[in-house]
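In case you want the letters, here they are:
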Amino acid sequence: MTEIVQLQQQPQACLGGRLQPPAVARDLAERSVARLTRIHLGDNTVNTCNPAIADVDGDGLDEIAMPFNRGEEDVVALFRGDGTKLWETTDVKFYHSFYDDDELYLRSHWHYRTHHRHLLTQICDIDGDGELEVVVGLGPIHVLDAQTGRIKNTFDLDGLVQVWDIGYLQDRGSLCIAAGVNHHEKSGSIVALDGHGNELWRHETVGKSFEDKLLCGDLTADGLDEIAFSMADAERFEVRRGTGELLWAKDVPEEIGDDTHVDDMVIGPIRESGNQLATATGACLFDAEGKLLWSLRDQIEHGQKIACAEPPPCAEPRLYICSKTERRAYLVSPGGEVLWEYDNFSAACDGHIYLTTAGDWVDWSGPGACEIVQAEIVGASPDADTPQGTPLTLYLTILSPGGAEVAKLPYQDTLGPGMNGAMCARACHVRTRDRHDILVVPHHAGEILIFSPM
């Protein structure tokens, strides 16, 4: 189903923290027009923060691989951007059905009834056969034929694979999987597999709760990827070589930021010399040897999302960072200078508004534009007067490289327990290759939302 959405006049308490001059508000409303496509998943679904996006059928536009639960049933489905379902499989089994344990990890991001759920998905040629696969896992990791949804392989690592990523750990010619495995709350390990599921190495870790991200990236600039991850129960952040050896480690609250784990990170050539690793938690930049180059932990409270912009020619990279609880966004230079702050996100409406990792770089206003979209979520107040099931209006905010409001796109979620609003906001190309569309998965509405520029 496709409809047109547009920013309307809203009570100031819900729409933003600052009053806008009438002309500015009118211009913003005129730019905040989008075509919205709704893809219905079901009336009783638990979704994920991490759908996969790629051109599977070769038509030049992206498809969406979406894992979710329909009641007690584990599902993975592939959709076109117009809502056409190309295939669906219920043959996959995630942790709780695979190990026949529906109580372990209750009230965590990895439980199958948890509405704020981390269930990772990627699309790539993992086994080197020249065809794309959908790689999806929460517990075991499944490899599906991207054209049909048929299970090609299942990797059982004897535990809950909480976080994983795909990278070049052996050589540049073959992809591998690096995974953080919580072995049924008994122990933890970091494991590397080749594209066929053969174990390359395994190291026991000091912690077993891997939160919230594992990232493969070439930090040492030697052509092979390193592996970065954190363990909340040990309050420890590690960077390991692709061969498994520890490169360096940090105590998170002491050396990174006031948290138990790192919510988000990027690896790349942020400064002129070599590659670096930047964290959202603490807003830190480390070099390949683990030396701290700068930190903004005294300025940015609870950094949640970090993203590095692809710079135009002859321009420096820029780091976008958002603060979860202060509801502020920052653009930061490679040298650690805060270039601008933005704080006109929604104010609280029957709950607490937070900023999360739901954001991405987009070219919303025109081809080649370098803008950021940031979603917000509401933590529902237990004693709120609004009953569950009530439609809740929230907004995607699109900001220019200079920190100006480009657009605010309204959408609705259904008010439910815990978190409400966008689980993710991802750039994709589902209508045209010229400009980005924005993919959003709400917490409770049981649908995928795709915003397309007019």
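Quick note: structure is the one above.
Residues numbered from 1 in each chain as written. Predicted model: local features only at pLDDT ≥ 70, side-chain atom pairs only at ≥ 80, totals over all residues. Heavy atoms only, no water.

Once that is clear, we can look at the pattern of salt bridges. This model, assessed by the stated rule, comprises 21 salt bridges. Between Asp62 and Arg433 there is a salt bridge; the shortest N-O distance is 3.3 Å. With Asp62 in the loop between strand E4 (52–54) and strand E5 (63–70) and Arg433 in the loop between strand E32 (419–428) and strand E33 (437–442), this residue pair connects regions lying 371 residues apart in the sequence. Of the residues examined, Arg433 reaches a relative accessible area of 42% and is grouped as partly exposed. Here Lys152 and Asp127 are joined by a salt bridge, their closest N and O atoms 3.1 Å apart. On the criterion of sequence distance, the pair formed by Lys152 in strand E11 (residues 151–155) and Asp127 in the loop between strand E8 (120–124) and strand E9 (133–137) is long-range, its members being 25 residues apart. One salt-bridge network, held together by shared partners, links Arg70, Glu73, Lys85 and Glu88. (Salt bridge = Lys/Arg side-chain N within 4 Å of Asp/Glu carboxyl O. Helix = DSSP H or I, 4+ residues; strand = E, 2+ residues; numbered from the N terminus. Buried < 20%, exposed > 50% of the residue type's maximum accessible area, 1.4 Å probe, protein only.)

What follows deals with the packing of aromatic side chains. Enumeration according to the criterion identifies 9 aromatic pairs in this entry. Between Tyr95 and Tyr99, the ring centres sit 4.9 Å apart and the planes meet at 50°, which makes this aromatic pair tilted. The exposure class of Tyr95 is buried, given its relative accessible area of 1%. A relative accessible area of 22% places Tyr99 in the partly exposed class. An aromatic cluster of at least three residues, connected via ring pairs, comprises Tyr95, Phe98, Tyr99 and Tyr105. (Phe/Tyr/Trp six-rings, centres within 6.5 Å; stacked < 30°, edge-to-face > 60°.)

Right, let's get into the side chain of Asp437. On the secondary structure map, Asp437 appears in strand E33. No salt bridge is formed by the buried Asp437, whose closest oppositely charged neighbour, Arg431, lies at an N-O distance of 4.9 Å. A distance of 3.2 Å separates the side chain of Asp437 from the backbone nitrogen of Arg431, its partner in a polar contact. If we skip the residues at most four places from it in the chain, Asp437 touches Arg426, Ala427, Cys428, His429, Val430, Arg431, Thr432, Ile450, Phe451, Ser452 and Pro453. (Lys, Arg positive; Asp, Glu negative; His and termini not counted. Polar contact = N/O pair within 3.5 Å; in protein donor to acceptor, adjacent residues only side chain to side chain. Contact = heavy atoms within 4.5 Å.)

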